[in-house]
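Okay, here's what each chain looks like letter by letter:
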Amino acid sequence: MNNHPLISVIIPTYKREKLLCDSIIDILKQDYPNFEVLVVDQTKIHEPETQVFLEEMATAGKIKLFNLDWASLPGARNYAIKRSVGDIILFIDDDVQLRPEFLTTHVKNYLENPEIGAVAGRVLDREKLATSGGKLEIEYLPPAAIDPALFLYHLDLVHTTKPQQVLTARGCNMSFRREIFTKYNLRFDERFRGNAIREESDFCLQVRKTGYKIWYDPEAYLVHLGEESGGCHNISTQSLEYQLNFYHNHFLLCLKNLTFTQGLRFGSRIFDCHVLGNPPCNKSGSPIKILSRSLFYILGFFKTLGTIIQSIWNNGQIYSKLDQ
């Protein structure tokens, strides 16, 4: 790498309007001199102002705009990877706020340490900061944060203040060396459904197998607005579809990446927190609620088994196949 390697900034988007435009504007204000912006738009009809903005940016050569007639977060990422040319590929969401130094802070990690294959940036999540009161600070994550069976409940990339090696990144702020996609031919698993929960963790667990480190840099931070409407799938967290996909995606992560013993610990922790409602989930302990969540837990597991079985003759990369 030279001192200013090309960065491909990839923004998948779905049913976002002004926030998408604002995120693009923030990227274009970066002080880093060498980057491209790829916007993968899965919105069928935009508001007129948004459509005009996107077309103007594309015509001026400031962004590369791709319009798709299907919606899949991992599929959109794979689509853009294929069309990117950067030495570093960076993913952000369509509802973020960035400071001008954002890209520079990501790049410096790769230049300083050749063992780093991925950078997990800090996510100043508006909702989680409000819940914690904005005063919580964690210097170093506990050992459980690097345990594949327990990391979901100990990996805090919102309040952590010191750089360190981590197990995974958050999808709205993560970057990778291009070699991850070329030499190792890794892609995001398009079997992760709905809001694609855990697809980035699954990908990062695959990255770790290459021998590269995933490095957390709190200086590579952004503000994640986390708007309830819009986003890559726009499915309400209260919907039946979301609940079923939630457990499906967790079990898919488990069955793909964990040993049998790790999987048992993973599944029991999910049950304890998300079904029984114990901390840190702190859900209702109503017997009816627990019974309802237990049903989704069981259905999600069997749905995952169906996905795994189907993968024997179909690897599930249906959107990448459409792209061929």
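If you're wondering where the values come from, they're calculated on a predicted model, not measured in any experiment. (Residues numbered from 1 in each chain as written. Predicted model: local features only at pLDDT ≥ 70, side-chain atom pairs only at ≥ 80, totals over all residues. Heavy atoms only, no water.)

The next thing to look at is the overall build of the protein chain. Of the regular secondary structure elements, the protein chain holds 11 helices and nine strands. In terms of C-alpha radius of gyration, the protein chain reaches 19 Å, essentially the compact-globule figure of 20 Å for 324 residues. Evaluated residue by residue, the protein chain yields a buried proportion of 54% over its 324 residues. Roughly 15000 Å² of accessible area belongs to the protein chain as shown, and the carbon and sulfur atoms make up 55% of that amount. Both charge centroids of the protein chain, one from 36 positive and one from 37 negative side chains, sit 6 Å from each other. (Helix = DSSP H or I, 4+ residues; strand = E, 2+ residues; numbered from the N terminus. Rg over C-alpha atoms; globule rule 2.2 N^0.38 Å. Buried < 20%, exposed > 50% of the residue type's maximum accessible area, 1.4 Å probe, protein only. Areas by Shrake-Rupley, 256 points an atom, 1.4 Å probe, with all protein chains shown as cover. Lys, Arg positive; Asp, Glu negative; His and termini not counted. Charge placed at Lys NZ, Arg CZ, Asp CG, Glu CD.)

Here the focus is the packing of aromatic side chains. One pass over the structure, following the stated rule, counts 16 aromatic pairs. Relative to F203, the ring of F188 lies with its centre 4.1 Å away and its plane at 20 degrees, an arrangement referred to as stacked. In this pair, F188 is assigned in the loop between α6 (179–182) and α7 (199–208) and F203 in helix α7, connecting sequence segments 15 residues apart. For the pair shown, F188 and F203 are each scored as buried. (Phe/Tyr/Trp six-rings, centres within 6.5 Å; stacked < 30°, edge-to-face > 60°.)

To continue, consider the pattern of salt bridges. Scanning the model with the defined rule gives 18 salt bridges in all. Two residues, D125 and R170, come together in a salt bridge whose shortest N-O distance is 3.1 Å. Taken together, the residues D125 in strand β6 (residues 116–125) and R170 in the loop between β7 (164–165) and β8 (173–177) connect sequence positions 45 residues apart. In this structure, the salt-bridge partner of D202 is K256, at a minimum N-O distance of 3.0 Å. Pair noted here: D202 is in helix α7 and K256 is in helix α8 (residues 240–257), with a separation of 54 residues, a long-range link. Through salt bridges with shared partners, a single ionic network connects D189, R191, D202 and K256. (Salt bridge = Lys/Arg side-chain N within 4 Å of Asp/Glu carboxyl O.)

Another point: the state of the cysteines. One pass over the full model with this rule turns up one disulfide. In this model C273 forms its disulfide with C281; the gap between the sulfur atoms is 1.8 Å. Judged by the torsion about the S-S bond (100 degrees), the C273/C281 disulfide is right-handed. By relative accessible area, which is 21% here, C281 ends up partly exposed. No disulfide involves C254; its sulfur sits 16 Å from that of C273, the nearest cysteine. Given a relative accessible area of 6%, C254 falls into the buried group. (Disulfide = S-S within 2.5 Å.)

Quick look at the packing of helix α1 (residues 18–28) against helix α2 (residues 48–59) now. Interaxial distance between α1 and α2 falls to 9 Å at its minimum, and their mutual angle equals 25 degrees. It follows from the interaxial angle that α1 and α2 lie roughly parallel. Considering how the two elements wind past one another, α1 and α2 form a crossing that is left-handed. Together, K18, L20, C21, I24, I25 and L28 of α1 and T50, F53, L54 and M57 of α2 make up the contact between the two elements. Partitioned by chemical class, the residues of the contact of α1 with α2 number eight nonpolar, one polar and one charged. (Axes fitted to C-alpha atoms, helices over the stretch in contact; angles between N-to-C directions. Parallel < 35°, antiparallel > 145°, perpendicular 65-115°, else oblique. Left-handed = near helix turned anticlockwise from the far one by under 90°. Contact = heavy atoms within 4.5 Å. Nonpolar A, V, L, I, M, F, W, Y, C, P; charged D, E, K, R; others polar.)

Relative to strand β3 (residues 64–67), strand β2 (residues 35–41) is paired through four bridges, and the arrangement is parallel. By the bridge assignment, D41 is partnered in β3 with N67. Regarding topology, α2 serves as the crossover connection from β2 to the parallel β3, and that connection is right-handed. (Pairing = 2+ DSSP bridges. Right-handed = clockwise from strand over helix to strand, strands pointing away.)

For helix α10 (residues 287–310), with 24 residues, the first-to-last C-alpha span of 35 Å sits near the 34 Å given by 1.5 Å per residue. Looking at α10, one finds that the buried residues are R293, S294, F296, Y297, G300, T304 and T307. The inward-facing, buried residues of α10 abut α8 and α9 (260–275). (Expected span 1.5 Å × (residues − 1).)

Let us now look at the nonpolar core. Counting 54 residues, the largest nonpolar core has F91, V166, F176, I180, F181, F203 and Y247 as its most contacted members. Sorting elements by how many residues they give to this core places α8 first, with seven residues. Once residues within four sequence positions are removed from consideration, F176 is found in contact with D87, I88, I89, F91, Y110, G117, A118, F181, F203, C204 and V207. I7, Y32, V39 and I116 belong to the second largest nonpolar core, which has 28 residues in total. (Core = buried A, V, L, I, M, F, W, Y, C linked by side-chain atoms within 4.5 Å.)

Bringing the side chain of D217 into the picture now. Residue placement: D217 occurs in strand β9 (residues 213–224). At 2.9 Å, the side chain of D217 and the side chain of N109 are in polar contact. The contacts of D217, once residues within four sequence positions are left out, are T105, K108, N109, V119, A120, G121 and R122. (Polar contact = N/O pair within 3.5 Å; in protein donor to acceptor, adjacent residues only side chain to side chain.)

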